[in-house]
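Per-entry structural report
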Amino acid sequence: MTEPATLVAYDDAVARYEPVIGLETHVELGTTAKMFCGCPTRFGAEPNSAVCPVCLGLPGSLPVTNVAAIEYTIRIGLALNCGIASWCRFARKNYFYPDMPKDYQISQYDEPLCTDGWLDVSVGDQHVRVGIERVHLEEDTGKSLHVGGATGRIHGADYSLFDYNRAGIPLVEVVTKPVPGTGALAPEVARAYVTELRDVLRTLGVSDVRMEEGSLRCDVNVSIAPAGSSAWGTRTETKNVNSLRSVERAVRFEIQRQAAVLDAGQKVVQETRHLHEDTGTTTSGRSKEEAQDYRYFPEPDLLPVAPSPDWVEELRAALPELPAARRARLQAEWELPDLDMAALRHAGAIDLVEQTVAAGAAPADARKWWLGELLRRANESGVELAALPVTPAQVARVAELVATGALNDKLARQALDGMLAGEGDPDQVVAARSLAVVSDDGELLSAVDAAIAANPDVVAKIRSGKTAAAGVLVGAVMKATRGQADATRARELIMERLG
Ligand SMILES: [Zn+2]
């Protein structure tokens, strides 16, 4: 039984079973040429326009290793705290499927370029060190399109089309060690790991890491075993998961499904599975090939890769500041608590806050506007924070207007309204909408007097010593001036009048 009729509730499943997760992440490198030929690697080119005899596997052609791809892979390995092999070879992975015209794929098998590293991730206040088993280099396969038939799969299709533009594009595979001990947090740890890895790769500039375009995709391994058991369970591998949310859902679903299988006294089958994005469920694919099915052997057409220690050290010294170090530095500079920093990261606002601070805003103000009003607007419109039509410089100017007393928070929100509606820079919007704090006593006094006259009971309270009640009168003044009164000055005038 691989498809139980009902799942075990998640909380119940993780109370009785311990999950172990593992992630294999495929990263398309952003080199300009393919792995073993000079063909271009641009996304979205006309089908079969970026091909040559080498990547089509025509007789007599010979591959040549792209040194830029080797360099990118070493930099990834160094950023993930891996050891770098001083000598390793590519291997030929044989399989007969038309997405690879050579009938084999050049990959790395038992001699990966980078091994035995780690990447730290955090979920809330839980810190997990995810071990990295290996980082190896291979070439991507072509893309098949099965036309006709109901499922888009080859069964029942009228015919199939193949696009070999992707065949031969350098692909790095980052494989974690099994990660036990995460308990109920397993889905979130998996997501946090892929998020952190994506940030590292983006910082290194080795890939555009666009999950929706397939330049970063994950195979998600999950097994469960009864709590307290010393042996791990049989794992399944959910293939080609292509969003952060889906990584989390795939782990969660597999825990619930495998718990139902074990509860029924059945065995989990080792197999590959497919995630259905619409329902968040997985279904059985083929049973997983064993390594011997591929009959690996060292690729005879390529020289071994032997990066010199000097070169590796040069690459290590030239690594950029990595995301975790950068976050720690910015958090210290901004003097923000852990929770605020985590919220900024979750909202994708770290770069925006950094630029807003660089434009002159206080860190606390930058955090307040991006995580408050602007995040609310972004969520309302269903867009990323960075996609709002407001620049960090504009937010810094709004914060400055508030800091100098020219605007209060309410008026500042109205200024943001105008900016989001495309009415221009903060100063233009403030002028056009007449958004200015009224602190002129003449204008304020009439509103103050009206508020006092309209609230005799409040006035009596204040006169009897309950000065906190003055807030009611300030509120009345704010309302009468449509939020434009200088609240501090209004309070002073009220107390003077009643003094
Ligand atoms: Zn080519």
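Cut-off values and rules
- Residues numbered from 1 in each chain as written.
- Predicted model: local features only at pLDDT ≥ 70, side-chain atom pairs only at ≥ 80, totals over all residues.
- Heavy atoms only, no water.
- Helix = DSSP H or I, 4+ residues; strand = E, 2+ residues; numbered from the N terminus.
- Rg over C-alpha atoms; globule rule 2.2 N^0.38 Å.
- Buried < 20%, exposed > 50% of the residue type's maximum accessible area, 1.4 Å probe, protein only.
- Contact = heavy atoms within 4.5 Å.
- Areas by Shrake-Rupley, 256 points an atom, 1.4 Å probe, with all protein chains shown as cover.
- Lys, Arg positive; Asp, Glu negative; His and termini not counted.
- Charge placed at Lys NZ, Arg CZ, Asp CG, Glu CD.
- Donors = N, O, S within 2.8 Å, 3.2 Å for Na, K, Ca; no water.
- Tetrahedral: all angles 85-135°; square planar, octahedral: opposite > 155°, others 65-115°.
- Patch = residues over 30% accessible without salt bridge, like charges linked within 9 Å, V, L, I, M, F, W, Y side chains within 5 Å.
- Salt bridge = Lys/Arg side-chain N within 4 Å of Asp/Glu carboxyl O.
- Pairing = 2+ DSSP bridges.
- Axes fitted to C-alpha atoms, helices over the stretch in contact; angles between N-to-C directions.
- Parallel < 35°, antiparallel > 145°, perpendicular 65-115°, else oblique.
- Left-handed = near helix turned anticlockwise from the far one by under 90°.
- Nonpolar A, V, L, I, M, F, W, Y, C, P; charged D, E, K, R; others polar.
- Phe/Tyr/Trp six-rings, centres within 6.5 Å; stacked < 30°, edge-to-face > 60°.
- Lys NZ or Arg CZ within 6 Å of the ring centre and 35° of its normal.
- Right-handed = clockwise from strand over helix to strand, strands pointing away.
- Arc of directions from axis to C-beta.

**With respect to the overall build of the chain**
Helix and strand counts for the chain stand at 16 helices and 14 strands. Scaling as 2.2 N^0.38, a compact globule of 499 residues should have a C-alpha radius of gyration of about 23 Å, whereas the chain reaches 30 Å, well beyond that. Overall, the C-alpha framework of the chain stretches about 95 × 55 × 50 Å when taken along its three principal axes. By the burial criterion, 47% of the 499 residues in the chain qualify as buried. In the chain, of all internal contacts separated by at least 6 residues, the share reaching a separation of at least 24 is 69%. Looking at the chain as shown, the accessible area adds up to about 23,800 Å², and 52% of this sits on carbon and sulfur atoms. Computed over 51 positive and 69 negative side-chain charges, the separation of the two mean positions in the chain equals 4 Å.

**Overview of the coordination of the zinc ion**
Distances from the zinc ion to its protein donors, C37 (SG), C39 (SG), C52 (SG) and C55 (SG), fall at 2.3 to 2.4 Å. Its four donor atoms give the zinc ion angles of 99 to 115° at the centre, a pattern that matches the tetrahedral case. Each donor residue of the zinc ion lies on one chain, and together they are spaced C-x1-C-x12-C-x2-C. Since its relative accessible area comes to 19%, C52 is described here as buried.

**Describing a nonpolar patch on the surface**
A cluster of nonpolar residues, L145, Y159 and L161, forms a patch on the protein surface that exposes about 310 Å² of accessible area. Structurally, the position occupied by Y159 is in strand 8 (residues 159–163).

**Some remarks on the sheet that holds strand 14 (residues 297–298)**
Taken together, the three strands give an open sheet; going across it, the order is 4-3-14, and neighbouring strands pair in antiparallel fashion. On the outer flanks of this sheet lie strand 4 (104–107) and strand 14, each paired with one strand and no other.

**Focus on the packing of helix 13 (residues 441–454) against helix 15 (residues 470–480)**
Where helix 13 meets helix 15, the closest approach of the two axes is 9 Å, and the angle between their N-to-C directions is 125°. On the basis of the axis angle, helix 13 is oblique to helix 15. Classified by chirality, the crossing of helix 15 by helix 13 is right-handed. Each of L444, A447, V448, A451 and I452 in helix 13 lies in contact with helix 15, whose residues at this interface are L473, A476, V477 and A480. Of the residues belonging to the contact of helix 13 with helix 15, the class tally is nine nonpolar, no polar and no charged.

**Here's the deal with the environment of V8**
In this fold, V8 is placed in the segment before helix 1 (10–16). For V8, a relative accessible area of 9% puts it in the buried group. Between the C-alpha atoms of V8 and S243, which are 235 residues apart in sequence, the distance is 24 Å. Excluding its chain neighbours within four sequence positions, the residues that come into contact with V8 are A13, R16, Q256, A259, A260 and D263.

**Regarding the packing of aromatic side chains**
Two measures describe an aromatic ring pair: the distance that separates the ring centres and the angle between the ring planes. For the structure on display, the rule yields five aromatic pairs. Ring geometry for F36 versus F90: centroids 5.3 Å apart, planes at 85°, classification edge-to-face. One end of the pair, F36, is in the loop between strand 1 (17–28) and helix 2 (67–79); the other, F90, is in the loop between strand 2 (83–84) and strand 3 (91–94), and 54 residues separate them in sequence. When sorted by exposure, F36 lands in the same class as F90, which is buried. Three or more aromatic residues joined by ring pairs form one cluster here, namely Y95, Y109, Y294 and Y296. A cation sits over an aromatic face here: R129 above W118, 3.5 Å from the ring centre.

**Quick notes on the pairing of strand 11 (residues 236–241)**
Bridge analysis of strand 10 (residues 216–226) against strand 11 gives four bridges, and the strand direction is antiparallel. Note that in strand 11 the partner of N221 across the bridge is E237. Here three bridges tie strand 11 to strand 12 (residues 271–276), and the two strands are oriented parallel to one another. Bridging from a neighbouring strand, T238 pairs with R273 of strand 12. Between strand 11 and its parallel partner strand 12, the chain crosses via helix 4 (residues 244–263), and the hand of that crossover is left-handed.

**As for the pairing of strand 1**
For strand 1, the tally of buried residues reaches 11 of 12 residues, placing the bulk of the element in the interior. Across 11 bridges, strand 1 lies against strand 10 in antiparallel orientation. Of the residues in strand 10, the one forming a bridge with H26 is R217. The sheet contact formed by strand 1 and strand 9 (residues 170–176) spans five bridges and is antiparallel. Among the inter-strand pairings, H26 is bridged to a residue of strand 9, identified as E173.

**Concerning helix 8 (residues 350–358)**
Listed in full, the buried residues belonging to helix 8 are I350, L352, V353 and T356. Seen end-on, helix 8 carries its buried residues on one side only, within an arc spanning 160°. Looking at the buried side of helix 8, the elements it contacts are helix 6 (323–334), helix 7 (338–346), helix 9 (363–381) and helix 10 (392–403). A positive backbone phi angle near 115° is found at G360, which sits one or two residues after helix 8.

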